[in-house]
Amino acid sequence: MSTSLPRLNEPAPEFEAVTTHGVVRLSDFRDSWLVLFSHPADFTPVCTTEFVAFAEIYPELQKRKVELLGLSIDSVYSHIAWMRNIEERMKVQIPFPIIADLNKEVATLYGMIMPGESKTETSRCVFIIDPKGILRAMIYYPMALGRNMQEILRVIDGLQTADEHGVAVPANWKKGDKVIVPAPKTMEMAAERLGQGYECVDWYLCKKSL
Amino acid sequence: MPCVNADGTLVSSAKKILEAARTPGTPAELAERSRFPLYRVHSALRELADAGMALEVDGRYQATEVGLDRLGR
């Protein structure tokens with residue numbers, strides 16, 4: 001089994017897959033952000049809480065022009081039955097498609113299977129892909145740990161803010177906080193940085209409000 | 001074929017997307033007209049084109065005679 005992983009800032013691997021919304025290709029999501037995520041299996045407890053949580057943040061994702069695409073190594077019939085069960089039992093409609101990756105094609109392409117955890121299930125992986133199809137962030141969680149939706153929103157906010165304003169964001173940053181001005185690249189820029197009105201600890205660590 | 005029901009009728013999303021394609025449009029324009037996400041429009045248009053119900057010319061899609069027949073004109 002291939003254990004290669006995709007790389008940040010490279011084109012996300014293209015695929016065509018059967019989903020609960022029909023056959024989709026990665027390129028169908030071009031021009032919007034995409035959160036591609038895998039879960040270990042349908043009808044399992046942690047995954048169910050995650051799907052409800054993903055559905056809850058879906059409106060927030062839509063405001064940020066982000067689509068969601070789930071994946072597990074289950075059949076589309078299993079996905080349909082599980083989605084219907086969640087709707088019936090928890091009154092939550094899952095508004096996004098889920099890939100039925102029975103042949104593990106997409107899971108292998110994206111390194112979603114961690115053989116040390118399971119050889120037959122995908123781990124809890126999150127791939128954030130930008131509107132140009134470039135892989136911008138990856139987060140991996142083990143099977144026993146449900147994902148933090150606020151962190152996923154924070155990563156998207158951080159990437160979109162960094163792209164829009166040409167800045168970086170500090171540890172624990174959240175939308176509205178000060179951002180980091182990219183570090184000077186020359187002695188001249190370093191000398192001039194301190195007089196530019198930023199909030200600086202020193203020449204290499206300066207922040208500003210947006 | 002996810003766009004077509006077992007009885008041969010179009011599923012409602014495909015019908016709305018094909019309706020939107022009565023006038024030629026890019027997938028983005030058809031997504032706006034039909035109020036479906038762009039990925040669903042891309043996916044449906046591929047199937048509708050394979051089934052001869054929509055035709056793509058220079059990136060714009062339009063319902064064909066076969067497609068209009070399926071819509072009941």
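Keep in mind the model is a prediction, meaning the values are calculated, not measured. (Residues numbered from 1 in each chain as written. Chains lettered and ligands numbered in written order. Predicted model: local features only at pLDDT ≥ 70, side-chain atom pairs only at ≥ 80, totals over all residues.)

**Notes on the overall build of chain B**
Alright, step 1. Assigned secondary structure in chain B consists of four helices and two strands.
Alright, step 2. Of the regular secondary structure in chain B, the N- to C-terminal order runs α-α-α-β-β-α.
Alright, step 3. Taking 2.2 N^0.38 as the reference for a compact globule, 73 residues should give roughly 11 Å; the C-alpha atoms of chain B span a radius of gyration of 11 Å, in line with that estimate.
Alright, step 4. Across the 73 residues of chain B, 36% fall into the buried class.
Alright, step 5. Contacts in chain B between residues far apart in sequence, at least 24 positions, make up 41% of those at least 6 positions apart. (Helix = DSSP H or I, 4+ residues; strand = E, 2+ residues; numbered from the N terminus. Rg over C-alpha atoms; globule rule 2.2 N^0.38 Å. Buried ≥ 20, exposed ≤ 12 C-beta atoms within 10 Å, placed from the backbone. Contact = placed C-beta atoms within 7 Å.)

**What to know about the environment of S75 of chain A**
Residues and elements named next belong to chain A.
Alright, step 1. Here S75 shows up in the loop between β4 (66-72) and α2 (76-90).
Alright, step 2. It is 5.0 Å that separates the C-alpha atoms of S75 and A100, two residues lying 25 residues apart in sequence.
Alright, step 3. In this structure, S75 is in contact with A100 and L102, ignoring residues within four places of it in sequence.

**Brief notes about the sheet that holds strand β8 (residues 179-181) of chain A**
All names here are of chain A.
Alright, step 1. Overall, antiparallel pairing links the three strands, which are arranged β8-β10-β9 in an open sheet. The sheet is open, and its two borders are formed by β8 and β9 (199-202), each paired with just one other strand. Neighbour to neighbour, the strand axes of the sheet diverge by 30° on average, direction disregarded. (Pairing = 2+ DSSP bridges. Axes fitted to C-alpha atoms, helices over the stretch in contact; angles between N-to-C directions.)

**Quick look at the nonpolar core**
All names here are of chain A.
Alright, step 1. With 35 residues, the main nonpolar core has L34, V35, L36, L71, A107, F127 and I129 as its most contacted residues.
Alright, step 2. Breaking this core down by element, the ones donating at least two residues are β3 (33-38), α1 (45-63), β4, β5 (98-100), α3 (105-109), β6 (124-129) and α4 (149-165).
Alright, step 3. In this structure L36 touches L69, L71, F127 and I129, once residues within four positions along its chain are discounted. (Core = buried A, V, L, I, M, F, W, Y, C linked by C-beta atoms within 7 Å.)

**Focus on the domain arrangement of chain A**
Alright, step 1. Each assigned domain of chain A is listed with its residue range as follows: domain 1 (16-147) and domain 2 (166-208).
Alright, step 2. The distance between the C-alpha centroids of domain 1 of chain A and domain 2 of chain A comes to 36 Å. (Domains from an automatic or database assignment.)

**Quick word on the confidence of the model for chain B**
Alright, step 1. Chain-level pLDDT for chain B is 93 on average; 99% of the residues reach the 70-or-more range.
Alright, step 2. At the low end of the mean pLDDT range in chain B sits helix α4 (residues 65-70) of chain B, at 93; at the high end sits strand β2 (residues 60-63) of chain B, at 97. (pLDDT = per-residue confidence, 0-100.)

**Some details on the environment of A12 of chain A**
Alright, step 1. Here A12 of chain A lies in the segment before β1 (16-19).
Alright, step 2. Discounting residues that sit within four places of it in the chain, A12 of chain A has contacts with P6, L26, F127, I129, G133, I134 and L135 of chain A.

**Points about unusual backbone geometry**
Residue and element names in this part refer to chain A.
Alright, step 1. In this structure, N9 is a non-glycine residue whose phi angle is positive, near 65°.
Alright, step 2. As for its position among the elements, N9 is in the segment before β1.
Alright, step 3. At D31, a residue that is not glycine, the phi angle is positive and equals roughly 85°.
Alright, step 4. Structurally, D31 is set in the loop between β2 (22-25) and β3.
Alright, step 5. Exposure remark for D31: the 15 C-beta atoms within 10 Å place this residue in the partly exposed category.

**Description of the pairing of strand β10 (residues 205-208) of chain A**
Looking along a regular strand, one sees side chains alternate from face to face of the sheet.
Residues and elements named next belong to chain A.
Alright, step 1. Pairing geometry for β8 and β10, over three bridges, is antiparallel. Residue pairing for β10: V181 is matched across the bridge by C206.
Alright, step 2. Sheet analysis places β9 next to β10, joined by three bridges and oriented antiparallel. Bridging from a neighbouring strand, D202 pairs with L205 of β10.

**A closer look at α2 of chain A**
Alright, step 1. In a regular helix each residue adds 1.5 Å, so 15 residues correspond to 21 Å; α2 of chain A covers 20 Å between its end C-alpha atoms and thus fits that length.
Alright, step 2. K91 of chain A sits one or two residues past α2 of chain A and shows a positive phi near 55°. (Expected span 1.5 Å × (residues − 1).)

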